[in-house]
Amino acid sequence: MLDVLIAGASRGIGLGLVRAWLHGGARVFAVARDPAASAGLNELAGQFGARLQTIACDLNDPQAGSLILAALGDARLDRVLLNAGVYGPAAQDVATASEAEIGQLFVSNAVAPLRLARALRPRLKPDAVLAATSSVMASLQLSPGADMPLYAASKAALNSLLLSWAAQLGDARDFALLALHPGWVQTDMGGAGAPLTVEESVTGLVAVVEAAAGTRDCRFVDHQGEALPW
Ligand SMILES: NC(=O)c1ccc[n+]([C@@H]2O[C@H](COP(=O)([O-])OP(=O)(O)OC[C@H]3O[C@@H](n4cnc5c(N)ncnc54)[C@H](OP(=O)(O)O)[C@@H]3O)[C@@H](O)[C@H]2O)c1
């Protein structure tokens, strides 16, 4: 049975990923700030019992890695999905955003995922896949004049940190490392006008992650498996 950890699992794409891997037969560790407050996780817990294990954790907590490792016990992981993300300040303007808003955005979208990735690395099973939810807006080539410049910069920072980590690990990296673009998806963040349902995006993302298992790929890729320029 696959052991899958999904961080940022309370709603939206993260909850969809939890649902998809549970339906696929995996055991899922779902990390959320307040799992008990997530109607979706509660419903899945009723349906799947012990195959769904929830871990309460604010991923921006500097101790998030050790807290999650303790909650995992001896479990080792086949797939890690670092999905949590925030949009940041509504105005997306460096002139008006506060230091606290900018700090929270970059910690949430770039620093916290890398910290957790590094903490979980010793727990990866052979042929594991570690994937972070990025965005096409992170691509300097594809999104040169982003409508959401602070959000785009935070996702570009995520991609940059992933690449730096891959370079540091070099040949010692024995797992696939992916930056995923889920498409534009109907969630609280994506809005009701987005073209993709959560299910459509997640079906693609799961296929992309499963296709990377056993490889040593380091790719920026969308939900259809299309490679994106960093
Ligand atoms: N929707 C799109 O069109 C789209 C496009 C490109 C990329 N993305 C990326 O896809 C990912 C998921 O987006 P979404 O559309 O599903 O967003 P969403 O509906 O706003 O959900 C965001 C998720 O992240 C969690 N989260 C945020 N900060 C957290 C923290 N500090 N600790 C724990 N959990 C935290 C939220 O938990 P709470 O419920 O506790 O707030 C929630 O589960 C994000 O990284 C987003 O940037 C989305």
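Use the structure listed above.
Reading guide: rules and limits
Residues numbered from 1 in each chain as written. Predicted model: local features only at pLDDT ≥ 70, side-chain atom pairs only at ≥ 80, totals over all residues. Heavy atoms only, no water. Pairing = 2+ DSSP bridges. Helix = DSSP H or I, 4+ residues; strand = E, 2+ residues; numbered from the N terminus. Axes fitted to C-alpha atoms, helices over the stretch in contact; angles between N-to-C directions. Contact = heavy atoms within 4.5 Å. Parallel < 35°, antiparallel > 145°, perpendicular 65-115°, else oblique. Left-handed = near helix turned anticlockwise from the far one by under 90°. Nonpolar A, V, L, I, M, F, W, Y, C, P; charged D, E, K, R; others polar. Buried < 20%, exposed > 50% of the residue type's maximum accessible area, 1.4 Å probe, protein only. Right-handed = clockwise from strand over helix to strand, strands pointing away. Near = heavy atom within 4 Å. Polar contact = N/O pair within 3.5 Å; in protein donor to acceptor, adjacent residues only side chain to side chain.

J.: I keep staring at the sheet that holds strand β3 (residues 52–56) and nothing clicks. Help me out?
T.: Within the open sheet, the seven strands sit side by side as β3-β2-β1-β4-β5-β6-β7. Their pairing is parallel. Where the open sheet ends on each side, the last strands, each with one partner, are β3 and β7 (218–222). Within the sheet, the average angular offset between the axes of one strand and its neighbour, ignoring direction, is 20°. Here strand β4 (residues 77–82) pairs with strand β5 (residues 124–133) via five bridges, running parallel. Along β5, the bridge assignment pairs Arg-79 with Val-129. Taken strand by strand, helix α3 (residues 64–72) contacts β1 (3–7), β2 (27–32), β3 and β4, and its axis lies near 150° from that of β3. Contacting β1, β4 and β5, helix α4 (residues 99–120) crosses the sheet at an angle of about 170° to β4.

J.: Mind showing me how you'd approach the packing of helix α1 (residues 12–23) against helix α6 (residues 198–212) here?
T.: Between two packed helices, what matters for the description is the angle formed by their axes and the separation of those axes. At a minimum axis separation of 9 Å, α1 and α6 run at an interaxial angle of 60°. The angle between the axes of α1 and α6 places the two elements in the oblique class. Two packed elements cross with a definite hand, and for α1 against α6 that hand is right-handed. Residues Gly-12, Ile-13, Gly-16, Leu-17, Ala-20 and Trp-21 of α1 lie in contact with α6, whose contacting residues are Val-198, Val-202, Leu-205, Val-206, Val-209 and Glu-210. When the residues that make up the contact of α1 with α6 are grouped by side-chain class, the tally is nine nonpolar, two polar and one charged.

J.: It is not clear to me how unusual backbone geometry should be interpreted in this structure. Could you clarify?
T.: Trans peptide bonds make up the majority, and among non-glycine residues the majority have a negative phi. Despite not being glycine, Gln-92 has its phi angle at roughly 50°, a positive value. Relative to the assigned elements, Gln-92 resides in the loop between β4 and α4. A positive phi is found at Asp-127, a non-glycine position, where the angle reads about 65°. Its location among the elements puts Asp-127 in strand β5. In this structure Asp-127 comes out as partly exposed when scored by relative accessible area, which is 37%.

J.: Looking at this model, I keep getting lost on the pairing of β2. Mind explaining?
T.: Successive residues of a regular strand alternate their side chains across the two faces of the sheet. Most of β2 is tucked away: five of the six residues are buried. The sheet contact formed by β1 and β2 spans five bridges and is parallel. From the neighbouring strand, Val-4 faces β2, where its bridge partner is Val-28. Regarding topology, α1 serves as the crossover connection from β1 to the parallel β2, and that connection is right-handed. With five bridges joining them, β2 and β3 adopt parallel strand pairing.

J.: I would appreciate a short explanation of the site of the ligand in the present structure.
T.: Close to the ligand lie 27 residues; Ser-10, Arg-11, Arg-33, Tyr-151 and Thr-187 are nearest. Within the side chain of Thr-187, an N or O atom sits 2.5 Å from an oxygen atom of the ligand. Only α1 and α5 (149–169) provide two or more residues apiece to the shell around the ligand. Across the shell around the ligand, the residue classes break down as ten nonpolar, twelve polar and five charged.

J.: How do you make sense of the packing of α3 against α4 when you look at a structure like this?
T.: Interaxial distance between α3 and α4 falls to 9 Å at its minimum, and their mutual angle equals 40°. On the basis of the axis angle, α3 is oblique to α4. Between α3 and α4 the crossing geometry is right-handed. Only Leu-116, Ala-119 and Leu-120 of α4 make contact with α3, whose side of the interface consists of Gly-65, Ile-68, Leu-69 and Leu-72.

J.: I tried to follow the environment of Leu-163 on my own but got confused; where do I start?
T.: Along the chain, Leu-163 turns up in helix α5. A residue is classified by how much of its surface remains accessible, and Leu-163, at 32% relative accessible area, is partly exposed. Between the alpha carbons of Leu-163 and Ser-98 there is a distance of 28 Å; along the sequence they are 65 residues apart. Every residue in contact with Leu-163, bar those within four places of it in the chain, is listed here: Cys-218 and Trp-230.

Interpretation note: all reported values are geometric properties and have no functional meaning in isolation.
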